[in-house]
2 protein chains.
Amino acid sequence: MGINRKDFIKHLGVAAVGGAILTSCKDQKDQAINEAYDTKTSYTWKMVTTWPPNFPVVGEACHKFARQVNEMSAGQFTIKVYGGGELIPSLEVFDAVSSGAAEIGHGASYYWAGKSPATQFFTSVPFGMNAQQMNAWLYYGGGLELWKEVYARFGLLPMPGGNTGVQMGGWFNREINTVEDFKGLKMRIPGLGGKVLEKLGATVVLSAVSEIYTNLERGVIDATEWVGPYHDYTMGYYEIAKYYYAPGWHEPGSNLEFMFNKRAFEALPKNLQTILEVATAQSNMYVLSEFEAKNNEYLQKIIADKSTEVRKFSPEVLKALKEKSIETLEAIADGDEMSAKVYDSYKKFQTSINQWAEYSEKLYYEI
Amino acid sequence: MGINRKDFIKHLGVAAVGGAILTSCKDQKDQAINEAYDTKTSYTWKMVTTWPPNFPVVGEACHKFARQVNEMSAGQFTIKVYGGGELIPSLEVFDAVSSGAAEIGHGASYYWAGKSPATQFFTSVPFGMNAQQMNAWLYYGGGLELWKEVYARFGLLPMPGGNTGVQMGGWFNREINTVEDFKGLKMRIPGLGGKVLEKLGATVVLSAVSEIYTNLERGVIDATEWVGPYHDYTMGYYEIAKYYYAPGWHEPGSNLEFMFNKRAFEALPKNLQTILEVATAQSNMYVLSEFEAKNNEYLQKIIADKSTEVRKFSPEVLKALKEKSIETLEAIADGDEMSAKVYDSYKKFQTSINQWAEYSEKLYYEI
């Protein structure tokens, strides 16, 4: 899953937003978190999201979040949810919430790699942790504290906000039997997944989401990734792709995000702060559960349709992808101090929780 | 994990409670759910739990739940949390909430198998679903609706309230190399796990939690299960057991529960109903994450201590356990109409989500 990187870069250099961030950082130091209760003052906030309007599961979860916050606050707190492009373009969400133009955002932190490379570790990295492991790291392994540190510089407060679970590896019109088959492959795969494939000789072609289908059909690209069976099915790729490969080694459990304008959040009465925080955890739980509940139904439709063959990458191919993934992650850590700090925490936690998985989840799946 | 079944049975026949249930059922029909907001009326509710006071992770989560409900409601809603035995014995939680003596309970639905055998499917069954799968079933696969149906008969409203993740198979002073080794094994293992082992010739010995250590040390029992490394370590079993076996085939992801007195819940103003519901989902997310984050640290302590050998059950042993488990589950379904309905939903969902796991979680763990 990813958003057009060109759109992203286009919006990075907005000078006015840069100024707003600096002001916001300075003010933060003097600002205390409001600990008082208040059930009288009404609040109406804007929530901008990176998702298409009414995007299944994730966009719906944003609306559910807003509805429940309104109910919990007995109507005191109203949140208006905007899909990508409805108020601002998807990739301006970070800047809009940072500047306070909107108070809440929902997206995925790896969209903001241009702001700080360390953000990528808080969504998903190739051969990284799955959903359950990510949540353990974020809530109880120091991950969320690091994420808060990265975002504080931009006047933002992040919270986990849903997880896709293990994604699929993508739709291909060329067989991938050996590592050699990546050479010359034109694939739409943004972010770190794309960097890894480039190391194996593929050409990354980025395009707007609306153009993927046509590009794949016309051979402009040989392959594309998207999310998992449920979302992929609605995009219709099974009609035009020969192979659907598993697993999504590049996104084994993408954690989505709520981001709050830190200043606005901290100025809220304590009751509303807690309402927002608790509601984000519910979204996190519900989004993953809905993905997991629906993916097989659509995987079976794809299998039944017979125009696409569902396959698994070979161990040899996965081994090569993993090697290049680790090189890619290490290069990020080498190039940026904060990324090094985050990667160190991430890597240690992953190693540890995988030791436990040998006796629990992994072992249990093997039965 | 389990509670002394003898204590449990002792409290089943309380006639006064039975009467209260019938009254409550009748009244329910006439009762509409309150949809109005009210931020003025104060509520002070009692929450009784099956856990020892300050039980790590789970007991702590109950206190966190109470604190956050209080904050979200700006002090309107106070919940007093009681550990097992502080207000009532652990195994009276169901009856106490059913009768309205307490408004909220926290426990595990399989403790109430004597009330309705179908309750067992909502915690964990041998060779059943793991935590992520259980949540998918409960929230988006019809599981919670069935659970509500089972509990409604007792004037109760259940909600998922945490998950232990895959548990461990237990502490043994006898090697389990083949199925034959279960013959004559004296093990403390309550519930369905115990029934399965009995089919393989083991003798189930139930004892109060406080007596497990001594019984294992003195050879009154050859083996015991508990939870997973974090909780097991604090019980000190590693000091006296030769082997620590994985995985917890009998509890591959035990879903814990909040239960509300249905009448009391439905009479609450809508804002407080939603606060409670959303807070349960946060507990669910946090409890699993904390277990997952802490288990390896304690597993490594157990490994480092060297007085216990950490082992995995052999594929042959697991195959035999699985066969007997399926027999056990089918017998429950055969003997009770509601169990048949729940097991049918459970089994179909498990089959389906495991098809998806072949391309996602399971495949990813294999890399």
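Overview of the structure. (Residues numbered from 1 in each chain as written. Chains lettered and ligands numbered in written order. Predicted model: local features only at pLDDT ≥ 70, side-chain atom pairs only at ≥ 80, totals over all residues. Heavy atoms only, no water.)

Further remarks concern the overall build of chain A. Summing up its helical and strand segments, chain A has 14 helices and 11 strands in all. By the burial criterion, 62% of the 367 residues in chain A qualify as buried. When contacts within chain A are restricted to residue pairs at least 6 apart in sequence, those whose partners lie at least 24 apart make up 80%. When the accessible area of chain A is evaluated, it comes to approximately 12900 Å², of which 51% is carbon and sulfur surface. (Helix = DSSP H or I, 4+ residues; strand = E, 2+ residues; numbered from the N terminus. Buried < 20%, exposed > 50% of the residue type's maximum accessible area, 1.4 Å probe, protein only. Contact = heavy atoms within 4.5 Å. Areas by Shrake-Rupley, 256 points an atom, 1.4 Å probe, with all protein chains shown as cover.)

A separate point is helix α12 (residues 315-335) of chain B. All names here are of chain B. Between its first and last C-alpha atoms α12 spans 30 Å; for 21 residues at 1.5 Å apiece the expected length is 30 Å, and the two agree. Inspection of α12 places V317, L318, A320, L321, S325, T328, L329, I332 and A333 among the buried residues, and these make up the whole buried set. On the buried face of α12, the contacting elements are α7 (191-199) and α13 (337-357). (Expected span 1.5 Å × (residues − 1).)

Take chain B, turn it by 180°, move it 0.0 Å along the axis, and it overlays chain A with an RMSD of 0.0 Å. Within this description, the copies of the chain are treated as partners about a two-fold rotation axis. The position closest to the rotation axis in chain B is occupied by the C-alpha of Q282(B), lying 2.7 Å away. Looking at chain B, 100% of its interface residues are interface residues in chain A too, so the copies touch through the same face. (Least-squares fit on C-alpha atoms with pLDDT ≥ 70 in both.)

Our next topic: the packing of aromatic side chains. Following the criterion strictly, the structure yields 61 aromatic pairs over all chains and no others. Ring plane angle 55° and centroid distance 6.0 Å describe the contact between F121(A) and Y346(A), whose orientation is recorded as tilted. A residue pair is termed long-range when its members are at least 10 positions apart, and F121(A) in the loop between β3 (104-107) and α5 (131-140) and Y346(A) in helix α13 (residues 337-357) qualify at 225 residues. A single burial state applies to F121(A) and to Y346(A), both of which are buried. Aromatic side chains W45(B) and F77(B) sit 5.1 Å apart centroid to centroid with 80° between the ring planes, which places their arrangement in the edge-to-face category. Linking W45(B) in strand β1 (residues 43-49) with F77(B) in strand β2 (residues 77-82), this pair joins segments that are 32 residues apart in sequence. The residue whose ring lies beneath K312(A) is Y359(B), and the NZ or CZ to ring-centre distance is 5.2 Å. (Phe/Tyr/Trp six-rings, centres within 6.5 Å; stacked < 30°, edge-to-face > 60°. Lys NZ or Arg CZ within 6 Å of the ring centre and 35° of its normal.)

Okay, helix α7 (residues 191-199) of chain A next. Residues and elements named next belong to chain A. Among the residues of α7, L192, G193, G194, V196 and L197 are the ones counted as buried. Check the buried side of α7 and you find it contacts β6 (186-188), β7 (203-204) and α12 (315-335). G201, located one to two residues past α7, shows a positive phi value of around 95°.

A few words on the sheet that holds strand β4 (residues 156-163) of chain A. Residue and element names in this part refer to chain A. Strand order in this open sheet of five strands is β2-β1-β3-β10-β4, and the pairing throughout is mixed. Where the open sheet ends on each side, the last strands, each with one partner, are β2 (77-82) and β4. Across this sheet, the average inter-strand angle for adjacent strands is 25°, counted without regard to direction. As judged from the four bridges shared by β3 and strand β10 (residues 255-261), these two strands associate in the antiparallel manner. Among the inter-strand pairings, I104 is bridged to a residue of β10, identified as F260. Each of β4 and β10 touches helix α6 (residues 143-152); the most contacted strand, β4, lies at about 130° to it. Packed on one face of the sheet, helix α11 (residues 270-305) meets β1 (43-49), β2, β3, β4 and β10 and runs near 30° to β4. (Pairing = 2+ DSSP bridges. Axes fitted to C-alpha atoms, helices over the stretch in contact; angles between N-to-C directions.)

In this complex, chain B contributes 67 residues to the contact, which on the side of chain A involves 67 residues. Carbon and sulfur atoms supply 67% of the area that chain B and chain A bury against each other, a total of about 6700 Å² over both sides. Interface area lost by chain B to chain A is led by W356(B), Y364(B) and Y365(B), which between them contribute 13%. One can count four salt bridges joining chain B with chain A. K270(A) is the salt-bridge partner of E71(B), the closest N and O atoms lying 4.0 Å from each other. At the boundary of chain B and chain A, one finds 23 residue pairs in polar contact (both at pLDDT 80 or more). At the level of elements, α3 (58-72), α5 (131-140), α11 (270-305), β11 (309-312), α12, α13 and α14 (361-366) of chain B are the ones that each hand at least two residues to the side of chain B that touches chain A. (Buried area = accessible area lost by both parts, 1.4 Å probe. Salt bridge = Lys/Arg side-chain N within 4 Å of Asp/Glu carboxyl O. Polar contact = N/O pair within 3.5 Å; in protein donor to acceptor, adjacent residues only side chain to side chain.)

Function-wise, these values are silent; they only describe arrangement.
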